[in-house]
Amino acid sequence: MTIEIKNLNKTFKTHEKEVFALRDVDLTIETKDFVCLLGPSGCGKTTLLRLIGGLEEGDSGEILDDGKPIVEPSNERGFVFQQYSLFPWLTVLDNVTFGLDLKNGSKEENIKRAKTYLRSVGLENTEKLYPHELSGGMKQRVAIIRSLVNKPKTLLMDEPFSALDIQNRHKLQEQLVRIWQKTEKTIIFVTHDVDEAVFLADHIVLMGKNPGHIKEVYNNKLPRPRNRNSKEFLAIQNHTMELLES
Ligand SMILES: Nc1ncnc2c1ncn2[C@@H]1O[C@H](COP(=O)(O)OP(=O)(O)OP(=O)(O)O)[C@@H](O)[C@H]1O
Ligand SMILES: [Mg+2]
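Figured I'd write up the structure that's included with this text. (Residues numbered from 1 in each chain as written. Chains lettered and ligands numbered in written order. Predicted model: local features only at pLDDT ≥ 70, side-chain atom pairs only at ≥ 80, totals over all residues. Heavy atoms only, no water.)

### Description of the sheet that holds strand β5 (residues 68-69)
Item 1. Taken in spatial order, the four strands line up as β2-β1-β4-β5 in an open sheet, and their pairing is antiparallel. Every interior strand has two partners, whereas the edge strands, β2 (18-29) and β5, have only one.
Item 2. The pairing of strand β1 (residues 3-13) with strand β4 (residues 60-65) spans five bridges and is classified as antiparallel. Along β4, the bridge assignment pairs Ile-3 with Asp-65.
Item 3. The strands touched by helix α1 (residues 45-53) within the sheet are β1, β2 and β4, with β1 carrying the most contacts at an inclination of about 120 degrees. (Pairing = 2+ DSSP bridges. Helix = DSSP H or I, 4+ residues; strand = E, 2+ residues; numbered from the N terminus. Contact = heavy atoms within 4.5 Å. Axes fitted to C-alpha atoms, helices over the stretch in contact; angles between N-to-C directions.)

This is the structure we're talking about:
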């Protein structure tokens with residue numbers, strides 16, 4: 001499933017001014033790519049992700065998914081947001097099966113599937129808990145599982161780990177890479193953290209602002225598993241930082 005973005009423009013009109021959120025964006029994302037959208041606050045990362053997700057409409061240009069225009073949200077694309085977006089009144093298990101039940105699968109099958117996924121990220125003992133009883137890292141893992149259980153082809157993630165402490169953040173990054181390798185999904189991951197982008201992505205889309213635009217796409221060929229302390233890692237991190245600031 002190739003996602004092609006061609007000459008995409010997006011402005012927001014507020015009562016007093018127009019904001020050019022995205023100007024002339026061209027980008028191709030191949031199936032099974034791990035792509036990070038990296039750039040400073042306000043450069044249009046979330047806007048671009050929402051457009052790819054079909055949650056927002058561009059002013060001009062197009063976004064194609066295997067040649068078909070993206071015009072609305074689809075089960076083929078799962079979303080994980082920055083803020084915890086679990087339903088507070090549902091247990092972990094019910095949060096995960098919620099989308100499956102909407103699709104009318106058998107309740108038993110749905111529960112079985114949800115449990116398998118929860119086990120895969122070490123959350124088997126949290127099924128009966130409510131979101132407020134979980135740590136931030138656990139909540140985000142549930143949010144990821146809730147998306148994955150619907151078997152989307154593409155996972156769209158908007159700074160999902162930014163509220164976590166550094167240890168948890170690193171742990172979830174490693175887990176996400178393992179999930180990506182095992183399930184062969186396309187992942188488009190928004191971050192403003194250079195270290196996170198270099199650790200995760202094969203392709204780093206460097207963005208700039210005023211108006212939001214793509215500066216460059218950097219192919220990160222560091223072998224996996226990646227070691228943050230290696231000379232090569234630090235060199236790419238520095239190089240990415242320079243590109244971002246230039
Ligand atoms: N619904 C909206 N109405 C008006 N302006 C908006 C809206 N959404 C985004 N913008 C503006 O569009 C620009 C890009 O916003 P966006 O949220 O995509 O940036 P971002 O790169 O995700 O930033 P951050 O890293 O802070 O999340 C900003 O100038 C923002 O103020
Ligand atoms: Mg954002």
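Text resumes after the structure shown.
### Considering the pairing of strand β9 (residues 203-208)
Item 1. Counting buried positions along β9 gives five out of six residues, so the element sits mostly inside the fold.
Item 2. As paired strands, β9 and strand β10 (residues 213-219) are joined by six bridges and run antiparallel to one another. Counted as the bridge partner of Met-207 is Ile-214 from β10.
Item 3. Following β9, the chain reverses through four residues before pairing antiparallel with β10; Asn-210 in that reversal takes a positive phi of roughly 55 degrees. (Buried < 20%, exposed > 50% of the residue type's maximum accessible area, 1.4 Å probe, protein only.)

### Quick look at the sheet that holds strand β6 (residues 77-80)
Whenever strands of a sheet pair, they do so through backbone hydrogen bonds, lying parallel or antiparallel.
Item 1. Spatially, β6-β7-β8-β3-β9-β10 is the arrangement adopted by the six strands of the open sheet, whose pairing is mixed. Unpaired on one side and paired on the other, β6 and β10 mark the two borders of the sheet. With direction set aside, neighbouring strand axes in the sheet form an average angle of 15 degrees.
Item 2. Packing against the sheet, helix α4 (residues 136-148) makes contact with β6 and β7 (154-158), and its axis sits at approximately 170 degrees to β6.
Item 3. Across the sheet, helix α7 (residues 231-245) is in contact with β3 (34-38), β9 and β10; its angle to β10 comes to roughly 160 degrees.

### Notes on the side chain of Asp-33
Item 1. Secondary-structure assignment places Asp-33 in the loop between β2 and β3.
Item 2. No salt bridge is formed by the buried Asp-33; the nearest opposite charge belongs to Arg-224, separated by 9.1 Å. (Lys, Arg positive; Asp, Glu negative; His and termini not counted. Salt bridge = Lys/Arg side-chain N within 4 Å of Asp/Glu carboxyl O.)

### A few points about the site of ligand 1
Item 1. Around ligand 1 lies a shell of 13 residues, among which Ser-41, Gly-42, Lys-45, Thr-46 and Thr-47 are the nearest.
Item 2. Thr-46 places a polar side-chain atom, nitrogen or oxygen, 2.8 Å from an oxygen atom of ligand 1.
Item 3. Measuring from an oxygen atom of ligand 1, one finds a side-chain N or O atom of Thr-47 at 2.5 Å.
Item 4. Bound to the protein, ligand 1 loses 62% of the 630 Å² it would expose on its own.
Item 5. Of all the elements in the fold, those that place two or more residues in the shell around ligand 1 are β2 and α1.
Item 6. Element by element, the count of residues in the shell around ligand 1 is highest for α1, at three residues.
Item 7. Residue composition of the shell around ligand 1, by class: five nonpolar, six polar and two charged. (Near = heavy atom within 4 Å. Polar contact = N/O pair within 3.5 Å; in protein donor to acceptor, adjacent residues only side chain to side chain. Areas by Shrake-Rupley, 256 points an atom, 1.4 Å probe, with all protein chains shown as cover. Nonpolar A, V, L, I, M, F, W, Y, C, P; charged D, E, K, R; others polar.)

### Comments concerning the packing of aromatic side chains
Item 1. A full pass over the atoms with the stated rule returns six aromatic pairs.
Item 2. On the basis of an interplanar angle of 70 degrees and a centroid distance of 5.4 Å, the ring pair of Phe-34 and Trp-180 is categorised as edge-to-face. Taken together, the positions of Phe-34 in strand β3 and Trp-180 in helix α5 (residues 166-183) put the pair 146 residues apart, joining distant regions of the chain. There is no split in this pair, since Phe-34 and Trp-180 are both buried.
Item 3. Ring geometry for Phe-161 and Phe-189: centres 5.7 Å apart, planes at 55 degrees, overall tilted. (Phe/Tyr/Trp six-rings, centres within 6.5 Å; stacked < 30°, edge-to-face > 60°.)

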